[in-house]
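# Residue-level structure breakdown
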Amino acid sequence: MVLQAIRYSRGQLEILDQLKLPHTEEYDHVYSSTDAWHAIKEMRTRGAPAIAMVAALSLAVELVNLKLSPIAEEVKVFIIEKLDYLVTSRPTAVNLADAARKLKTVTEEAAGRDGATGEAVREAYVKAAETMLIDDVSDNESIGGHGAEWIVNNTEAGKKGQVSMLTHCNTGSLATAGYGTALGVIRSLHGKGALKHAFCSETRPYNQGSRLTAFELVHDQIPATLITDSMAAALLRLKGSSENIAAIVVGADRVAANGDTANKIGTYSLAILAKHHGVKFLVAAPRTTIDLHTKSGEDIVIEERPGKEVTLVKGPRHDGVTLDLAVVETVSIAANGIGVWNPAFDVTPAELIDGIITEVGVVEKDDSGLFHLEEVFKKESSQ
Ligand code: MRU
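Sequence order as written defines residue numbering, which begins from 1 separately in each chain. Thresholds applied to this predicted model are a pLDDT of at least 70 for local features of residues and 80 or more for the giving and counting of side-chain atom pairs; totals over whole chains, interfaces and linings are not thresholded and use all residues.

## Some details on the site of the ligand
For each residue, a C-beta position is placed from the backbone atoms; the residue is near a molecule or strand when that point lies within 6 Å of it. Around the ligand sit 17 residues in total, of which R46, G47, A48, G251 and K264 are the nearest. Helix and strand labels come from DSSP, where a helix needs a run of H or I of at least four residues and a strand needs a run of E of at least two; each type is numbered from the N terminus. Listing elements by their share of the shell around the ligand, those giving two or more residues are α2 (48-65) and β9 (261-264).

If you want it as structure tokens, here you go:
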């Protein structure tokens, strides 16, 4: 069975509550944009593409189930207000803002047509949101294919036949509409028989690696091992063993025009470790994550989350032998009164990134170390 973070049919949306994973698989109904805003803010749904998709589809569901005005202009204003509201749920991942911008354009165009009705504007919005869902899955499959091919051709282990990979945070089916970005690359390597072993980091403080990525790897029966974030350097030092890491592949929340990449906190440390150990460092992301309006990482707003995500750990009761799913406990793991800094993301400078894997191929730097994303994607989108 394929893992699904988002279940959608016209007029109905359900999301897998990621706060309850990996122990309980429970879907929540999302009836409106307000429901989605809270689900995103509370991290019940997470990962840059999934956030964008849940936001876009929540409004589609609301529009289908509401008795709307017959006047096109009024429906347009309603949609635009809701999109502006949804964008405020989380600031760093650009996919949500990008989806909102595209959906606004579709809405404005539909409302501007001769004889436009409220119904026509609603239909245009709903269709566009549904198309985004379909495109996300096929884009991820392409990312997986391009990334796997690049790794096989550009690493020593790949040329010999099999690679071990390290990834961070969650970028799989649960963080997207399906298949995944960085985890999609690992899935694709596995599918080709080119994956020796996958390692995933725990991803403190929110543990997307141990709770979500590990869950997906076990679910798909991909040979995999979990490490804490602080074990990555030691892992990369294991030369010549079967665990020898050929490449690190991560996702992205926003790639600036110069290639600087915002992703889950801890990504930057991994990129420095990769450089030190001569290991390839790759970012896998759809074009919707590439933000040509943001010049460099300096301009990316990094979300800061509550300190309790660092000081408290939540999960079902475990007495050392048995797991009791009926009792969820919160345990404090820090000294009371300590100050906490909890940035949810960091920025990896482009100089540490060997390639950006997208659905249209892998973008590499030129001889002077520049990515030229603007040139590649402007040209690509005008074709
Ligand atoms: O805070 P989260 O869990 O939403 O952060 C997720 C990440 O940083 C992912 O690596 C990123 O969104 C890419 S998901 C394909």
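## Overview of the sheet that holds strand β4 (residues 163-167)
What the 7 strands build is an open sheet, ordered β6-β5-β4-β7-β10-β15-β16; its pairing is mixed. Each of the sheet's edge strands pairs with one partner strand only, and the pair in question is β6 (224-227) and β16 (361-363). Across the sheet, the axes of successive neighbouring strands diverge by a mean angle of 25 degrees, strand direction being ignored. A pair of strands is considered paired only if DSSP assigns at least 2 bridges between the two. Pairing of strand β10 (residues 280-284) with strand β15 (residues 355-358), which is carried by 3 bridges, proceeds in the parallel orientation. Residue pairing in the sheet places L282 in a bridge with G355 of β15. In the packing of helix α7 (residues 182-192) onto the sheet, the strands contacted are β4, β5 (195-201), β7 (245-250), β10 and β15, and the crossing angle to β4 comes to about 160 degrees. Only the stretch in contact is used when a helix axis is fitted, and all axes are lines through C-alpha atoms; the angle between N-to-C directions ranges over 0 to 180 degrees. Note on contacts: each residue gets a C-beta atom placed from the backbone, and two residues are in contact if those atoms are within 7 Å.

## Brief notes about the pairing of strand β13 (residues 323-332)
Here a residue counts as buried when 20 or more other C-beta atoms sit within 10 Å of its C-beta, as exposed when there are 12 or fewer, and as partly exposed otherwise, the C-beta atoms being derived from the backbone. Burial analysis of β13 places just 0 of its 10 residues in the buried class, a small minority of the element. In this sheet, β13 lies alongside strand β12 (residues 312-318) in antiparallel orientation, the contact comprising 7 bridges. Pairing of H318 across the sheet is with L323, part of β13. A loop of 4 residues connects β12 with β13, the two strands running antiparallel in sequence, and G320 in this loop sits at a positive phi of about 100 degrees.

In short, geometric facts, not functional conclusions.
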